[in-house]
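What follows is each chain in one-letter form.
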Amino acid sequence: MKRLKVADLMTDEVVSVAPGTGFKDVAKLLAQYDISGVPVLDDEDRVVGVVSQTDLLAHTVSGSHPAEQRSTVTGPPSAGDVMSAPAVTVHAEETVADAARLMTRRGIERLPVVDVEDRLVGIVTRRDLLRMFLRPDSEIRRRVTDEVLTEVLGVPTGDVDVHVVDGIVTLDGQVERRSQLPALLTLVEQLDGVVAVASRVTARTDDTASTHADHARHAMPWG
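Owing to the predicted nature of the structure, the values given are computational and were not obtained by experimental measurement.

Digging into the nonpolar core
In terms of nonpolar packing, the biggest core is built from 19 residues, with Val144, Val169, Leu171, Leu184 and Val188 touching the most fellow members. With 4 residues, helix 7 (residues 137-152) is the largest single contributor of residues to this core. Beyond its immediate sequence surroundings of up to four residues, valine 188 is in contact with Val144, Val148, Val169, Leu171, Val194 and Val197. Counting 15 residues, the second largest nonpolar core, distinct from the first, contains Val88, Met103, Val124 and Met132.

Laid out in structure tokens, this is it:
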């Protein structure tokens, strides 16, 4: 089944800065484009760090102490001085779900997207990721019916009824084998746009009992 990739949602026009870009210039870019952060690129377009609003504010606070409590000032700070490094990035071919988990785990709003050589190719934001939950219910129902039930699990048409409302999938009916039930639930949950799954699907035969028995026989020591 086709999974939505970061490349499908990312924006390829990215506002970026160099390590030598001045502190005030970075702040102006964030305000001008109404963004929360910018990637910092080296001469080969590789992401070496990220400057966020938090980084700028943290530097402002640390720089507000009396002069005698600060180290010698050598010049205006640059993006390289205040950036967070190493940068948290995501590859274009990773799934949208992986990107969402990474954002949640690291508590960030934007992810620079890089290619196999870690060069910047785009940016993806939490707002971008939310778009995957805007898929029409009809499209989700079609994918559950055609891709999951028919193509992957081989369930005959009509054996399982699929209803989708606001991304919530309800399944009713029967499959042939009990071992198909966990796979059905997992595959539907992984579809892009699915918010939750309620399954009332049962199985005609319990093939898990025979599987457990086979395992038990193989585990018995020979006398």
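Focus: the pattern of salt bridges
Scanning all chains against the criterion turns up 11 salt bridges. Residue aspartate 172 is joined to arginine 200 by a salt bridge in which the shortest nitrogen-to-oxygen separation is 2.8 Å. Taken together, the positions of aspartate 172 in strand 7 (residues 168-177) and arginine 200 in strand 8 (residues 196-205) put the pair 28 residues apart, joining distant regions of the chain. Take aspartate 172: its relative accessible area is 23%, and that puts it in the partly exposed class. As a salt-bridge pair, arginine 204 and glutamate 176 come within 3.5 Å of each other at their nearest N and O atoms. Placement of arginine 204 in strand 8 and of glutamate 176 in strand 7 is noted, with a sequence separation of 28 residues between them. Members of the salt-bridge network, linked through shared partners, are Asp115, Glu117 and Arg119.

Let's talk about the environment of proline 86
With respect to the helices, strands and loops of the structure, proline 86 is situated in the loop between helix 4 (79-82) and strand 3 (90-91). Overall, proline 86 belongs to the exposed group, its relative accessible area being 72%. Sequence separation between proline 86 and glycine 49 is 37 residues; the distance between their C-alpha atoms is 5.4 Å.

Overview of the environment of leucine 129
The residue leucine 129 is located in helix 6 (residues 126-130) in this model. Along the primary structure leucine 129 and valine 6 are separated by 123 residues, whereas in three dimensions their C-alpha atoms are 8.5 Å apart. Setting aside residues no more than four positions away along its own chain, leucine 129 makes contact with Leu9, Val96, Ala99, Ala100, Met103 and Val124.

A closer look at the pairing of strand 7
As judged from the 6 bridges shared by strand 6 (residues 160-165) and strand 7, these two strands associate in the antiparallel manner. Each residue of the ladder has a partner; that of valine 162, found in strand 7, is leucine 171. Between strand 6 and strand 7, which pair antiparallel in sequence order, lie 2 residues; one of them, aspartate 166, sits at a positive phi of approximately 55 degrees. Pairing of strand 7 with strand 8 involves 9 bridges; the strand directions are parallel. Residue pairing for strand 8: arginine 177 is matched across the bridge by threonine 205.

Criteria and cut-off values
Residues numbered from 1 in each chain as written. Predicted model: local features only at pLDDT ≥ 70, side-chain atom pairs only at ≥ 80, totals over all residues. Heavy atoms only, no water. Core = buried A, V, L, I, M, F, W, Y, C linked by side-chain atoms within 4.5 Å. Buried < 20%, exposed > 50% of the residue type's maximum accessible area, 1.4 Å probe, protein only. Helix = DSSP H or I, 4+ residues; strand = E, 2+ residues; numbered from the N terminus. Contact = heavy atoms within 4.5 Å. Salt bridge = Lys/Arg side-chain N within 4 Å of Asp/Glu carboxyl O. Pairing = 2+ DSSP bridges.

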